[in-house]
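For reference, the chains in residue letters:
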Amino acid sequence: ITGSGGILGTAFIKEMLQSGHKVSACEVDIDKVDVLKNKFKNEDKFFAYKCDVTNENDVKKFFNESFHQMSSIDVVVNNAAVTSELLLKDNLVPKSFEETSLKSWQMSLDVNLTGTFLVSREFVRILKKNDLGSHTKKIINIASMYALNGPDPSLYENSEIKSFAAYSASKGGVIGLTKWLSTFLAKKNITVNSLAPGGVFNDHPSEFKKNLENKIPLGRMASPDEISSALSFLISENSDYITGQVIYCDGGYTAL
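Keep in mind the model is a prediction, meaning the values are calculated, not measured.

> What is the right way to look at the overall build of the protein chain in this model?
A count of helical and extended segments in the protein chain gives eight helices and six strands. Ordered by position in the sequence, the α and β elements of the protein chain form the string α-β-α-β-α-β-α-α-β-α-β-α-α-β. Whereas a compact globule of 256 residues would reach a radius of gyration of roughly 18 Å, the protein chain reaches 18 Å, a difference of no more than 12%. Viewed in the frame of its principal axes, the protein chain has a C-alpha envelope of about 50 × 35 × 35 Å. Burial analysis of the protein chain (256 residues in total) assigns 47% to the buried set. In the protein chain, 28 side chains carry a positive charge and 30 a negative one; their mean positions are 5 Å apart.

Okay, here's the thing in structure tokens:
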């Protein structure tokens, strides 16, 4: 699982460990790696590493270390992403489209899309190298409700949280990559799907939360556990015949 230090990454780890899986997690922030190690310190099936998914050598090292610890890798979850909250910390959130810096645009594409490509490619390489059995292997890419649907700009006008073009563009690219990989890897018995969450509550400002929930047919934001439950289905044998699909977990937002 990449991007493991955020609210979804941590929920994914918890869900997988509770289901009896071994989990190898990575984060670009070493402090978050330490937090994860401490949080799951009593789990003998959990391993955490520092890895920048935009760095080829880091990705190769992550897979080699993971394989050494677990002897097999069956599923990859591409969860690492540049979000508005992350850009806010670096003062890179675009105030408007025309004020978008090339740095913030490139950072988003590098992590969200190129990182997904690098991790997926290394997964396929390590499977080919080690001939890890005939059962179905899986790549699950975390997309977004904004991958193929535009946001309502009024939601973000008076909020620190911003919708920015690079996020939608890169997550749309993740879905395109998912579709391409699903057909090219099918003969290798590797399924590739995208999970597209809607708004996941993470201590958002009350006004923003209220305005977004008014646009969600189910009338509320998701909890992290609801997204990890959908992920659990995609990882399970129950989804072995599903590939090339986008599973929206957004309370009906994209159905409007």
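Right, picking up where we left off after that structure.
> Quick question: what am I supposed to make of the sheet that holds strand S4 (residues 137-142) here?
Sheet strands associate in pairs through backbone hydrogen bonding, adopting either a parallel or an antiparallel arrangement. The strand order across the open sheet built from four strands is S3-S4-S5-S6, with neighbouring strands paired in parallel fashion. This sheet does not close on itself; its edge strands, each paired only once, are strand S3 (75-78) and strand S6 (246-249). Pairs of neighbouring strands in the sheet enclose a mean axial angle of 20 degrees, with direction left out of account. Two elements, strand S5 (residues 190-197) and S6, share four bridges in a ladder whose sense is parallel. Considered in S6, the bridge of Pro197 is made with Cys249. Relative to the sheet, helix H5 (residues 102-130) contacts S3, S4 and S5, its axis offset from that of S4 by approximately 175 degrees.

> In this structure, what is going on with the pairing of S5? I would like to understand it.
The side chains of a regular strand alternate, residue by residue, between the two faces of the sheet. A large share of S5 lies buried, amounting to eight of its eight residues. A two-sided burial pattern is seen for S5, the buried positions comprising Ile190, Val192, Ser194 and Ala196 on one face and Thr191, Asn193, Leu195 and Pro197 on the other. The pairing of S4 with S5 spans six bridges and is classified as parallel. Across the sheet, residue Lys137 finds its bridge partner in S5, namely Ile190. Note that the unit made of S4, helix H6 (residues 165-184) and S5 has a crossover that is right-handed.

> Would you mind going over the packing of aromatic side chains with me for this structure?
Aromatic ring pairs are described here by two measures, namely the spacing of the ring centres and the angle between the planes. Considering all chains together, one arrives at eight aromatic pairs under this definition. When the centroid spacing of 5.8 Å and the interplanar angle of 65 degrees are considered together, the rings of Phe62 and Phe63 count as edge-to-face. Each member of the pair, Phe62 as well as Phe63, is classed as buried. Centre to centre, the rings of Tyr146 and Tyr253 are 6.0 Å apart; their planes meet at 80 degrees, and the pair counts as edge-to-face. Of this pair, Tyr146 sits in the loop between S4 and H6 while Tyr253 sits in the segment after S6, and the two are 107 residues apart along the sequence. Judged by its relative accessible area of 10%, Tyr253 is buried.

> How should I be thinking about the packing of helix H1 (residues 7-18) against helix H8 (residues 224-235) in this particular structure?
Pairs of packed helices are described in terms of their axes, by the angle between the two and the distance that separates them. The geometry of H1 relative to H8 is characterised by a closest axis approach of 9 Å and an angle of 50 degrees between their N-to-C directions. Classified by the interaxial angle, the pair formed by H1 and H8 is oblique. The handedness of the crossing between H1 and H8 is right-handed. On H8, the residues touching Ile7, Leu8, Ala11, Phe12, Glu15 and Met16 of H1 are Pro224, Asp225, Ile227, Ser228, Leu231, Ser232 and Ile235. Residues that form the contact of H1 with H8 fall into these classes: nine nonpolar, two polar and two charged.

> Explain the nonpolar core to me, please; I cannot follow it from the model alone.
Soluble globular proteins: nonpolar side chains tend toward being buried together. Within the largest apolar cluster, 33 residues are counted, with the highest numbers of intra-cluster contacts made by Phe63, Ile73, Phe123, Ile139, Leu185 and Ile190. Mapped onto this core, the elements with two or more residues apiece are strand S2 (46-50), helix H3 (56-70), H5, H6 and S5. Ranked by residues supplied to this core, first place goes to H5 with seven residues. Judged by nonpolar contacts, the second largest core, of 25 residues, contains Phe12, Val23, Ile235 and Cys249.

> I'm lost on unusual backbone geometry in this one. Help?
Look at Ser71: it is not a glycine, yet its phi comes out positive at around 65 degrees. Residue placement: Ser71 occurs in the loop between H3 and S3. For Asp203, which is not glycine, the phi torsion reads 55 degrees and is therefore positive. Its place among the elements puts Asp203 in the loop between S5 and helix H7 (206-213). On the basis of relative accessibility, which here comes to 68%, the residue Asp203 falls in the exposed class.

Conventions used here
Residues numbered from 1 in each chain as written. Predicted model: local features only at pLDDT ≥ 70, side-chain atom pairs only at ≥ 80, totals over all residues. Heavy atoms only, no water. Helix = DSSP H or I, 4+ residues; strand = E, 2+ residues; numbered from the N terminus. Rg over C-alpha atoms; globule rule 2.2 N^0.38 Å. Buried < 20%, exposed > 50% of the residue type's maximum accessible area, 1.4 Å probe, protein only. Lys, Arg positive; Asp, Glu negative; His and termini not counted. Charge placed at Lys NZ, Arg CZ, Asp CG, Glu CD. Pairing = 2+ DSSP bridges. Axes fitted to C-alpha atoms, helices over the stretch in contact; angles between N-to-C directions. Contact = heavy atoms within 4.5 Å. Right-handed = clockwise from strand over helix to strand, strands pointing away. Phe/Tyr/Trp six-rings, centres within 6.5 Å; stacked < 30°, edge-to-face > 60°. Parallel < 35°, antiparallel > 145°, perpendicular 65-115°, else oblique. Left-handed = near helix turned anticlockwise from the far one by under 90°. Nonpolar A, V, L, I, M, F, W, Y, C, P; charged D, E, K, R; others polar. Core = buried A, V, L, I, M, F, W, Y, C linked by side-chain atoms within 4.5 Å.

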